[in-house]
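Summary of structural features
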Amino acid sequence: MKTIFLVDMQSFYASIEKARYPHLKDKPLVVSGDPKRRSGVILAACPLAKKSGIKNGERLWEAAQKCLDLVVVPPKMQDYITISVEITNILEQYTDLVEPFSIDEQFIDVTGSHTLFGPPLEIAKKIQQQIWEKTKVRARIGIGENKMLAKMACDHFSKKNKSGIFWLKKEELEKTLWPLPVEKMFGVGGRMAGHLRNMGIRTIGQLAAVPLKRLQDKWGINGHVLSMTANGEDFSPVTTSSHDGQKAIGHGMTLPRDYIGLAEIRVVLLELCEEVCMRARKSNVMGQTVTVSVSGASYEIRSGFHRQATLYEPTNYVMDIFRVAEKIFLKFWDGNPIRRLAVSLTKLCRDDELQLSLFDTGRDKKADLGYVMDGIKEKYGTTALIRASSLTKAGQAFERAKKIGGHYK
């Protein structure tokens, strides 16, 4: 039987900031983007802030109304990434099977580590202590015989357990996991929870008791996955290559103000295509399907679209992607101001699998130009080469160069 851990960092960003500023130890603290740039959303809240009802993802002004003495700290993404890597290095001292699930969650398989480091609970305590001593961040650890059990152990029990460790055993699901509401199960969102409740399924245990065929007839393979999860079954291994072979490359941004005219929207659309193509070339891939996503400026009346188009052949050349993205935008845009714009590239293939063409004689030169530009940017910075349109008021290239993952470094 395998022993899998899900190691999760408590209020990761907020904990790092409290370690940075010890005088804020007993203060309700949140990490949030700049409200002046419409990115004022709570990224992380410390336990004291959460006691006031503050939740991750809510707007900063709403959180401030719940807690008058709230301390707001801007995110420092490079620091968070660095510390996440340090935590990975700690976990790799116990096993070579470490799989990052997010910046603050990692799966590890310690099945073969018992002889060296002791039984699972002892290993978990050692990991907790080492992470605390190194980063001053508290780790919660869920233990199970597979990834799904480890994840649900962490989410529903470790986070509420004083020790921060819980072992969710398959033979004990009837008294631990099954009494929980069905929406607490990993993989069940609000819409699916509604469907299940309409079927009379209120708890995870009731879902586990539903005949497999009934779920398969209704949802196909997804129904099979629901049944397996409810019964604590998961055959996916902990692997270091889980993020290999990506299926899409995309980039989006919330605009600093409402963009109204086509001229300024085109500037950002071109910048996004530039970013997507640069990422594609870095991964040595090309894409054939271009998707454009737009959100309208009004929060009261939801508007926007999510549409795609497929090229005749795959490419990672900026202007090829931009021409298609622009056509999609012009076709589906309702003319109203927008606040968010995104471009993605799918149907990926390797960049050395391009089919020969008798007609497009300049294709190789276009491809080479992109890689040469990437080399210059990698050496001298992403703004070493920039399009003239990005120098206008609408351009965001210089601002984005200061950020990692949409937040300042």
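Everything that follows concerns the structure shown earlier in this document.
First things first, this report covers the structure right here in the doc. (Residues numbered from 1 in each chain as written. Predicted model: local features only at pLDDT ≥ 70, side-chain atom pairs only at ≥ 80, totals over all residues. Heavy atoms only, no water.)

Let's talk about the pattern of salt bridges
Basically, it comes down to this: The salt bridge definition used is simple: a Lys or Arg side-chain nitrogen within 4 Å of an Asp or Glu carboxyl oxygen. Helix and strand definitions here come from DSSP, where helices need a minimum of 4 consecutive H or I residues and strands a minimum of 2 consecutive E residues; each element is numbered from the N-terminal end.
Tallied over the full model, the rule gives 17 salt bridges. The partner of arginine 197 in a salt bridge is glutamate 183, and the shortest N-O contact between them spans 3.0 Å. Here glutamate 183 lies in the loop between strand 8 (165-167) and helix 8 (190-198) and arginine 197 lies in helix 8, a separation of 14 residues in the sequence. Taken together, the shared-partner salt bridges connect Glu17, Arg20, Lys76 and Asp79 into one network.

With respect to the pairing of strand 7 (residues 139-144)
The criterion, for reference: Relative accessible area decides the class of each residue, using a 1.4 Å probe on protein chains only: under 20% of the type maximum gives buried, over 50% gives exposed, and in between gives partly exposed. Strands pair, by our definition, only if DSSP identifies at least two bridges between them. Crossover handedness is defined by viewing with both strands directed away from the observer: a clockwise path from the first strand over the helix to the second marks the crossover as right-handed.
Burial analysis of strand 7 places 6 of its 6 residues in the buried class, the great majority of the element. Burial along strand 7 is two-sided: the residues Ala139, Ile141 and Ile143 and Arg140, Gly142 and Gly144 are all buried. Bridge count between strand 7 and strand 8: 3 bridges; the pairing is parallel. Paired with isoleucine 141 across the two strands is isoleucine 165, which belongs to strand 8. Viewed along the sheet, the connection from strand 7 through helix 7 (residues 147-156) into strand 8 turns out left-handed.

A few points about helix 4 (residues 77-91)
Definition in use: Given a helix with a known number of residues, its expected span is that number minus one, times 1.5 Å. Arc definition: directions from the helix axis to the C-beta atoms.
Along its 15 residues, helix 4 runs 21 Å from first to last C-alpha, staying within 8% of the 21 Å computed at 1.5 Å per residue. Within the sequence span of helix 4, burial applies to Met77, Tyr80, Ile83, Ser84, Ile87, Thr88, Ile90 and Leu91. The buried residues of helix 4 occupy an angular sector of 155° when projected down its axis, which confines them to one face.

Considerations on the sheet that holds strand 2 (residues 29-32)
Inclusion rule: Here an axis means a line fitted to C-alpha atoms, over the contact stretch when the element is a helix, while the angle between two N-to-C directions is reported on a 0 to 180 degree scale. Note on definitions: a residue-residue contact is assigned when non-hydrogen atoms from the two residues lie within 4.5 Å.
Pairing is mixed across the open sheet formed by 3 strands, whose spatial order is 3-2-4. Edge positions in the sheet fall to strand 3 (42-45) and strand 4 (71-73), since each has one partner strand and no second. Along the sheet, successive strands turn relative to each other by an average axial angle of 30°, direction set aside. Across the sheet, helix 1 (residues 12-20) is in contact with strand 2, strand 3 and strand 4; its angle to strand 2 comes to roughly 115°.

So, the packing of aromatic side chains
Condition: Any two rings among Phe, Tyr and Trp, with Trp reduced to its six-membered ring, count as a pair given centres within 6.5 Å; such a pair is stacked if its planes are under 30 degrees apart, edge-to-face if over 60, and tilted if neither. We call a charge positioned over a ring when the NZ of a Lys or the CZ of an Arg lies within 6 Å of the ring centre and within 35 degrees of the ring normal.
Counted by the stated rule, this structure contains 9 aromatic pairs. Relative to tyrosine 13, the ring of phenylalanine 12 lies with its centre 6.0 Å away and its plane at 45°, an arrangement referred to as tilted. Residue phenylalanine 12 shares its accessibility class with tyrosine 13, and that shared class is buried. Between phenylalanine 157 and phenylalanine 166 the ring centres are 4.6 Å apart and the planes differ by 20°, which places this aromatic pair in the stacked class. Of the aromatic side chains, those joined through ring pairs into one cluster are Phe305, Phe329, Phe332 and Trp333. The ring centre of tyrosine 259 lies 4.5 Å from the NZ or CZ of arginine 257, which sits over that ring. Between arginine 307 and the ring centre of phenylalanine 332, over which it is positioned, the NZ or CZ distance is 5.0 Å.

Considerations on the sheet that holds strand 1 (residues 4-9)
Here 5 strands make up an open sheet; going across it, the order is 5-6-1-7-8 and the pairing mixed. A single partner strand is all that each edge strand has here, and the edge strands are strand 5 (98-102) and strand 8. Across this sheet, the average inter-strand angle for adjacent strands is 20°, counted without regard to direction. Sheet topology places strand 1 next to strand 6 (residues 105-109); 5 bridges connect them, and they run antiparallel. Across the sheet, residue aspartate 8 finds its bridge partner in strand 6, namely glutamate 105. Taken strand by strand, helix 6 (residues 120-135) contacts strand 1, strand 6, strand 7 and strand 8, and its axis lies near 160° from that of strand 7.

Side note on the packing of helix 12 (residues 262-282) against helix 13 (residues 318-332)
Quick note on the threshold: In this scheme, roughly parallel covers angles under 35 degrees and roughly antiparallel covers those over 145, while 65 to 115 is roughly perpendicular and the rest are oblique. By definition, turning the near helix anticlockwise from the far helix through less than a right angle yields a left-handed crossing, and turning it clockwise yields a right-handed one. Amino acids outside the nonpolar list (Ala, Val, Leu, Ile, Met, Phe, Trp, Tyr, Cys, Pro) and the charged list (Asp, Glu, Lys, Arg) are all regarded as polar, and Gly is one of them.
At their nearest, the axes of helix 12 and helix 13 sit 9 Å apart, and the two run at 135° to each other. Accordingly, the angle class assigned to the pair helix 12 and helix 13 is oblique. The handedness of the crossing between helix 12 and helix 13 is right-handed. Here helix 12 contributes Leu262, Ile265, Arg266, Leu269, Leu270, Cys273, Glu274, Cys277 and Arg281 to the contact with helix 13, which in turn contributes Val318, Met319, Ile321, Phe322, Ala325, Glu326, Phe329 and Leu330. Residues that form the contact of helix 12 with helix 13 fall into these classes: 13 nonpolar, no polar and 4 charged.

Digging into the nonpolar core
For the record, the criterion: Within this scheme, the nonpolar core is defined by two criteria: the residues are buried Ala, Val, Leu, Ile, Met, Phe, Trp, Tyr or Cys, and they are joined through side-chain atoms within 4.5 Å.
Judged by nonpolar contacts, the single largest core of 42 residues is most densely connected at Phe5, Val7, Phe12, Ile54 and Ile127. At 6 residues, the largest contribution of residues to this core is made by helix 4. Those residues within four positions of valine 7 in sequence are excluded, and the remaining contacts are Leu91, Asp104, Glu105, Gln106, Ile108, Ile131, Ala139, Arg140 and Ile141. Ranked by size, the runner-up nonpolar core spans 33 residues in total, among them Val285, Ile328, Phe329 and Ala394.

Focus: a nonpolar patch on the surface
Rules: Each patch groups residues whose relative accessible area exceeds 30% and which form no salt bridge, using 9 Å between like charges and 5 Å between nonpolar side chains of Val, Leu, Ile, Met, Phe, Trp and Tyr. To be clear on the numbers: accessible area is Shrake-Rupley with a 1.4 Å probe, and residue cover counts the displayed protein chains and nothing else.
On the surface, a cluster of nonpolar side chains totalling about 370 Å² of accessible area is made up of Val372, Ile376, Tyr380 and Leu385. Residue placement: isoleucine 376 occurs in helix 14 (residues 363-380). On the accessibility criterion, isoleucine 376 (33% relative accessible area) is partly exposed.

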